[in-house]
Structures are given as C-alpha cells and as structure tokens.
Amino acid sequence: MKSLHVEGTGWLYRISPRIKLLGLALFSIGLFLTRDPVILSSAVLMAAVVLWQAHLGFQETVARLRPVLLTIAVIALFSFLFMSALDAAIALLRLTALTVLATAITASVSISQFMDEITFALRPLEKIGVANAADVGLAVGLVVRFVPDVINRYETLRDAHRARGMKVRLHTILVPLIIMTLKDADAIADAIDARGFRGQTSKDIKGRVP
C-alpha cells in the first residue's frame, strides 16, 4: 500500500511524532478559540511554512491538497451565500490552516509512528478494559494507509471509463471501487490473523517482518 509519509531530514522530521501530533491537536483547538481574521491568517501562513519544510515538492503538495481544498472551496461558497462575510471568511481560514498543517504532519510522521502514538494514548483505556490499545492503533494505521489506495483505485477506474469513451458517473464507479477495496481489506485481515499481529505494537510487528 502507498504511504502518505515522505522521508526527510529537515527539522520537521527531527521533532518527536508525539510532539507534532499534540501540537496539531492544540493548533486545531486554538483555531476555534479565536475569531480574529488576522490571527487566523497568520495561522494559515505558519502552517504553510511548516508544510514547506516537509519538502514535498510543488506537484506533490498540490496533489495532496487539491481534493480537500476543493471541498473547502465548496463549503466556503455556501458559507458566503448563507452566512455573513466575516463568518464565512473565518470558517475558510480555519479549515485551510488545519488542512495545510495536517498535510505537513501526515507527511512527516510515518504510519508506524502514528500507530505507536495512538497505542500510547489509549493505554489508560486498555487498563480499565475499555479497548485494546494496540488493536485500535493498528486499525487506525490501516485506515490511514487505505486512503491513498482508495484514491488511486478511483483514478484508475475513472481513466478506464474515459478510455472506453464512457461518461464518468459515480454509480458506475462506486460498486467496483467498493468491491476492490473490500477484497484488499479481506486479504489484509487474513494476513494480519495469519501472522498474529493483533494486540502487538508496530515495533513488535516490524521485528517479526523479515
């Protein structure tokens, strides 16, 4: 499966994954504690600087941001139609800042690191018997890894439709996309069970994979 993580050596990559994920959480909370357009604009600029440090390159950055920014643009359009200009601008700035910084963090934190941090955060719940921290971390990691694969499958199906001279329609793509995704998910689940990965941290898993 394709990972959203990109190898790098800059200062962004040297920061602890725990600090980066905690910083992202605090940053998102802070965005919704202010309505000052100047502060929110500064937050967008700061997030852009952090993303630049991920060294993704212009094309890769655009490819990652385009789907989400298109969604944000639609939300912003309806916001400007049904809300005041100030409220719509605030919503737009908040979502943009959060999206840009999240893209940077996603690129600089590997799936295994992300799984470890999720597992660590859920340890208290495991102690009281609410959840198995390692299994939840594994599940979240797999979901993150599946996102780019689902997008790639959609693009493949879309290109196949166009190559056959067929108009791309959601209902003609959705069914094969779901079937392909479920087949891969089933194969991955069988592989996880066969290797006994459930209930283990990503470090344990990496230690057992040749």
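Residues numbered from 1 in each chain as written. Predicted model: local features only at pLDDT ≥ 70, side-chain atom pairs only at ≥ 80, totals over all residues. Heavy atoms only, no water.

(A) Highlighting the overall build of the protein chain. If you tally the helices and strands in the protein chain, you get 10 helices and 0 strands. Scanning the protein chain from its N terminus toward the C terminus, one meets helices and strands in the order α-α-α-α-α-α-α-α-α-α. Taking all contacts inside the protein chain whose residues are at least 6 apart in sequence as the whole, residues at least 24 apart take part in 70%. Surface summary for the protein chain: the accessible area is close to 12800 Å², and the carbon and sulfur share equals 68%. (Helix = DSSP H or I, 4+ residues; strand = E, 2+ residues; numbered from the N terminus. Contact = heavy atoms within 4.5 Å. Areas by Shrake-Rupley, 256 points an atom, 1.4 Å probe, with all protein chains shown as cover.)

(B) Inspection of the UniProt feature "transmembrane region" (unreviewed entry) in the protein chain at higher detail. In the numbering used here, UniProt assigns the "transmembrane region" (unreviewed entry) feature to residues 12–32, 68–86 and 92–115. In residues 12–32, the share of helix is 86% and the share of strand is 0%. The end C-alpha atoms are 24 Å apart. For residues 92–115, the end-to-end C-alpha separation is 30 Å, with 92% helix and 0% strand making up the annotated structure. (UniProt positions renumbered as here; feature names shortened; annotations may be inferred.)

(C) Fine view of the nonpolar core. Judged by nonpolar contacts, the single largest core of 23 residues is most densely connected at Leu12, Phe27, Leu31, Leu51, Ala54, Ala97 and Leu101. Looking at which element gives the most residues to this core, the answer is helix α5 (residues 85–108), with 8 residues. Contact partners of Leu101, with chain neighbours within four places excluded, come to Leu24, Phe27, Ala47 and Val50. (Core = buried A, V, L, I, M, F, W, Y, C linked by side-chain atoms within 4.5 Å. Buried < 20%, exposed > 50% of the residue type's maximum accessible area, 1.4 Å probe, protein only.)

(D) Focus on the packing of helix α2 (residues 17–31) against α5. At a minimum axis separation of 10 Å, α2 and α5 run at an interaxial angle of 180°. In terms of orientation, α2 lies roughly antiparallel with respect to α5. Across the interface between the two elements, Lys20, Leu21, Leu24, Phe27, Ser28 and Leu31 from α2 touch Arg94, Ala97, Leu98, Leu101, Ala102, Ile105 and Ser108 from α5. Taken together, the residues that form the contact of α2 with α5 break down as 9 nonpolar, 2 polar and 2 charged. (Axes fitted to C-alpha atoms, helices over the stretch in contact; angles between N-to-C directions. Parallel < 35°, antiparallel > 145°, perpendicular 65-115°, else oblique. Nonpolar A, V, L, I, M, F, W, Y, C, P; charged D, E, K, R; others polar.)

(E) Structural detail: helix α3 (residues 37–52). For α3, with 16 residues, the first-to-last C-alpha span of 22 Å sits near the 22 Å given by 1.5 Å per residue. Residues of α3 that are buried: Leu40, Ala43, Val44, Ala47, Val50 and Leu51. Projected onto a plane normal to the axis of α3, the buried residues spread over an arc of 125° and lie on a single side. Exposed side of α3, more than 90 degrees from the buried face: Val38, Leu45 and Trp52 are the residues found there. For α3, the secondary structure elements touched by its buried residues are α1 (11–14), α2, α4 (58–82) and α5. The N-capping residue of α3, defined by a side-chain oxygen 2.9 Å from the backbone nitrogen of Val38, is Asp36. (Expected span 1.5 Å × (residues − 1). Arc of directions from axis to C-beta. Polar contact = N/O pair within 3.5 Å; in protein donor to acceptor, adjacent residues only side chain to side chain.)

(F) Molecular detail of the packing of aromatic side chains. Per the counting criterion, the structure on display carries 1 aromatic pair. The interplanar angle of 5° and the centroid separation of 6.3 Å between the aromatic rings of Phe78 and Phe82 together place this pair among those described as stacked. With Phe78 and Phe82 both in helix α4, this residue pair falls 4 residues apart, about one helical turn. A relative accessible area of 47% places Phe78 in the partly exposed class. (Phe/Tyr/Trp six-rings, centres within 6.5 Å; stacked < 30°, edge-to-face > 60°.)

(G) Just the environment of Ala43, in detail. Along the chain, the position of Ala43 falls in helix α3. The class of Ala43 is buried, set by a relative accessible area of 10%.

(H) Inspection of the environment of Leu138 at higher detail. Relative to the assigned elements, Leu138 resides in helix α8 (residues 133–163). Each C-alpha atom, one on Leu138 and one on Phe114, is 9.4 Å from the other, the two residues being 24 residues apart in sequence.

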